[in-house]
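# Fold and contact review
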Amino acid sequence: MLLQPLVTQMISIYQQHKHSCFLYLGSILVDEYGKESGCQQGLLDMTESFLGPTFKLLEKTNGLRNHPDTVDDLFRLCLRFIQRAPAVFLQSSMVKPMLCCAIAACSLDHRDANASVMKFLSELVSSANKKDAKEKPDLYRNVVEVILQEHGQFLVQALLHACVFSLPNYMAADATEVIYELMLVNRENLSKWLEHSLQTLPTESTGGAITATHKQLTDFHKDVTSAKDCKQVTHAFRDLTRLYR
C-alpha cells in the first residue's frame, strides 16, 4: 500500500518547510481512508506529527493572523478525523491542544480560517450526542464532557468576545452555532458559563457612554438559554452586538 510511504514523506518534508498544503493533503487522506481501521493509527500518527511544528508556527506573535491558510488546513484535517474516525480522535492526545488552539483562534477574522475553526468546534461538541454501535454508548459524551468541564468557560467567553468585538455578523453565525451545540450537550452548564462571560463585557464605552444595561444583558442571557433553535441564538447575539458597535 502506498499510504504509509506517502505519509512518511509528508511528515519529513513538513518538519522542514511547514507548507500548509501538506495539512490539506493530510485531510484528503483522512477523508479517503479514515474509516479503514488498518489505516487509522498511521493517519493519527501523521496528524500528531504535524501538530508540533504547526503549533510552534502559530504561537509566534500574530501567528494565527499571519498564517490563516495553516489555521484553515489544520482544523479541516482534525475536522475530517472527527467525521471519519471520531472514537480514534476523541481518545487521542490531540483533543485538548486542538481545543485550546481553537479557543485562541475564535476571534480570527479571516473568513475561511474562522469557518474551519467553528466547524471543528461544532463537530467536536456535537459528537457528544452521537452514538457509535461499535463503541460504548457514552464514550463520546464522556470525553466531550471532561474536556468541557476544564475548558468550557474559556470557550464560551472566547466565542462571546469574538461575536461582540471581532467578527462581522456574517461570520458570527458560525460561532453562535457552537454556542447552540454546547447548549444541546448541557444547557445548565452553558447557562452558567455564559452568565460568567457576560460579566467580562465592559459596561461603558471608552467615552463613558453606557453600552449594555444589566437588564439588556439579563434578557440576552434568557433569550439564548431558552432558545429552541440555532436561529434564535444567532438573533440574540446579533442584537447584543449592536449595543457594542
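For the structure, check the block above.
Here's a quick rundown of the structure. Fair warning: this is a prediction, and the values are worked out from it, not measured in the lab.

### Some details on the environment of Thr-54
Position of Thr-54 relative to the elements: it lies in helix H3 (residues 37-58). By relative accessible area, which is 0% here, Thr-54 ends up buried. In sequence terms Thr-54 and Cys-100 are 46 residues apart; their C-alpha atoms lie 14 Å from each other. Setting aside chain neighbours within four positions, we find Thr-54 in contact with Tyr-14, Leu-23, Thr-70 and Leu-74.

### Let's talk about helix H7 (residues 95-105)
Among the residues of H7, those classed as buried are Val-95, Met-98, Leu-99, Cys-101, Ala-102, Ile-103 and Ala-105. Tucked inside the fold, the buried residues of H7 contact H3, helix H4 (63-66), helix H5 (68-84), helix H6 (86-90), helix H8 (111-126) and helix H9 (139-166).

### Considering the pattern of salt bridges
This model, assessed by the stated rule, comprises nine salt bridges. Asp-109 is the partner of Arg-65 in a salt bridge, and the nearest nitrogen-oxygen pair spans 3.0 Å. Note that Arg-65 is positioned in helix H4 and Asp-109 in the loop between H7 and H8, a separation of 44 residues in sequence. On the accessibility criterion, Asp-109 (38% relative accessible area) is partly exposed.

### Regarding the side chain of Glu-181
Among the structural elements, Glu-181 can be located in helix H10 (residues 169-185). It is Lys-119 that comes nearest to the buried, bridge-free Glu-181 among opposite-charge side chains, at 7.8 Å.

### Considering empty space enclosed by the protein
Within this structure, the stated rule accounts for one cavity of 30 Å³ or more. The computed volume of the largest cavity comes to approximately 60 Å³. Cys-163, Asn-169, Ala-172, Thr-176, Thr-234, Phe-237, Arg-238 and Thr-241 together form the lining of the largest cavity. Looking at the lining of the largest cavity residue by residue, the classes come out as three nonpolar, four polar and one charged.

### A short note on the nonpolar core
General note: in soluble globular proteins, nonpolar side chains tend to be found buried as a group. In terms of nonpolar packing, the biggest core is built from 86 residues, with Met-46, Phe-120, Leu-121 and Leu-182 touching the most fellow members. Looking at which element gives the most residues to this core, the answer is H9, with 14 residues. The contacts of Phe-120, once residues within four sequence positions are left out, are Phe-75, Cys-78, Leu-79, Ile-82, Phe-89, Met-98, Leu-99 and Ala-102.

### Some points on the packing of H10 against helix H13 (residues 230-242)
Viewed as axis vectors pointing N to C, H10 and H13 meet at an angle of 125°, and their least axial separation amounts to 8 Å. As far as their axial angle goes, H13 and H10 are oblique. Where H10 crosses over H13, the handedness of that crossing is right-handed. Two secondary-structure elements touch here, H10 through Asn-169, Ala-173, Thr-176, Glu-177, Ile-179, Tyr-180 and Met-183 and H13 through Cys-230, Val-233, Thr-234, Phe-237, Arg-238 and Thr-241. Class assignment of the residues belonging to the contact of H10 with H13 gives a composition of seven nonpolar, four polar and two charged.

### Observations regarding the packing of H5 against H7
As a packed pair, H5 and H7 sit with axes 12 Å apart at the nearest point and diverge in direction by 135°. Classed by the angle they form, the pair H5 and H7 counts as oblique. Where H5 crosses over H7, the two elements pack in a sense that is left-handed. The segment H5 lies against H7, with Leu-74, Phe-75 and Cys-78 engaging Met-98, Cys-101 and Ala-102. Of the residues assigned to the contact of H5 with H7, the class counts are six nonpolar, no polar and no charged.

### Notes on the packing of aromatic side chains
In this description, an aromatic ring pair is defined by two values, namely the gap between the centres and the angle between the planes. Per the stated rule, a full pass over the model turns up six aromatic pairs. Here Tyr-14 and Phe-50 contribute two aromatic rings whose centre-to-centre distance is 5.0 Å and whose plane-to-plane angle is 70°, an arrangement assigned as edge-to-face. Highlighted residues: Tyr-14 in helix H1 (residues 3-17) and Phe-50 in helix H3, separated in sequence by 36 residues. Given a relative accessible area of 0%, Tyr-14 falls into the buried group. Taken together, Phe-75, Phe-81, Phe-89 and Phe-120 form an aromatic cluster joined through their ring pairs.

### With respect to H8
For H8, which comprises 16 residues, the first-to-last C-alpha distance of 22 Å matches the rise-based estimate of 22 Å (1.5 Å per residue) to within 8%. Judged by how many residues are buried, H8 sits mostly within the fold: twelve of 16 residues are covered. Those residues of H8 not exposed but buried are Ala-113, Asn-114, Ser-116, Val-117, Met-118, Phe-120, Leu-121, Ser-122, Glu-123, Leu-124, Val-125 and Ser-126. In the core, the buried residues of H8 are packed alongside H5, H6, H7, H9 and H10.

How each quantity is defined
Residues numbered from 1 in each chain as written. Predicted model: local features only at pLDDT ≥ 70, side-chain atom pairs only at ≥ 80, totals over all residues. Heavy atoms only, no water. Helix = DSSP H or I, 4+ residues; strand = E, 2+ residues; numbered from the N terminus. Buried < 20%, exposed > 50% of the residue type's maximum accessible area, 1.4 Å probe, protein only. Contact = heavy atoms within 4.5 Å. Salt bridge = Lys/Arg side-chain N within 4 Å of Asp/Glu carboxyl O. Lys, Arg positive; Asp, Glu negative; His and termini not counted. 1 Å grid on protein atoms, 1.4 Å probe; cavity = no way out; pocket = protein on both sides within 12 Å on 5 of 7 lines; lining within 4 Å. Points joined across faces, edges and corners; volume = space filled by probe spheres on them. Nonpolar A, V, L, I, M, F, W, Y, C, P; charged D, E, K, R; others polar. Core = buried A, V, L, I, M, F, W, Y, C linked by side-chain atoms within 4.5 Å. Axes fitted to C-alpha atoms, helices over the stretch in contact; angles between N-to-C directions. Parallel < 35°, antiparallel > 145°, perpendicular 65-115°, else oblique. Left-handed = near helix turned anticlockwise from the far one by under 90°. Phe/Tyr/Trp six-rings, centres within 6.5 Å; stacked < 30°, edge-to-face > 60°. Expected span 1.5 Å × (residues − 1).

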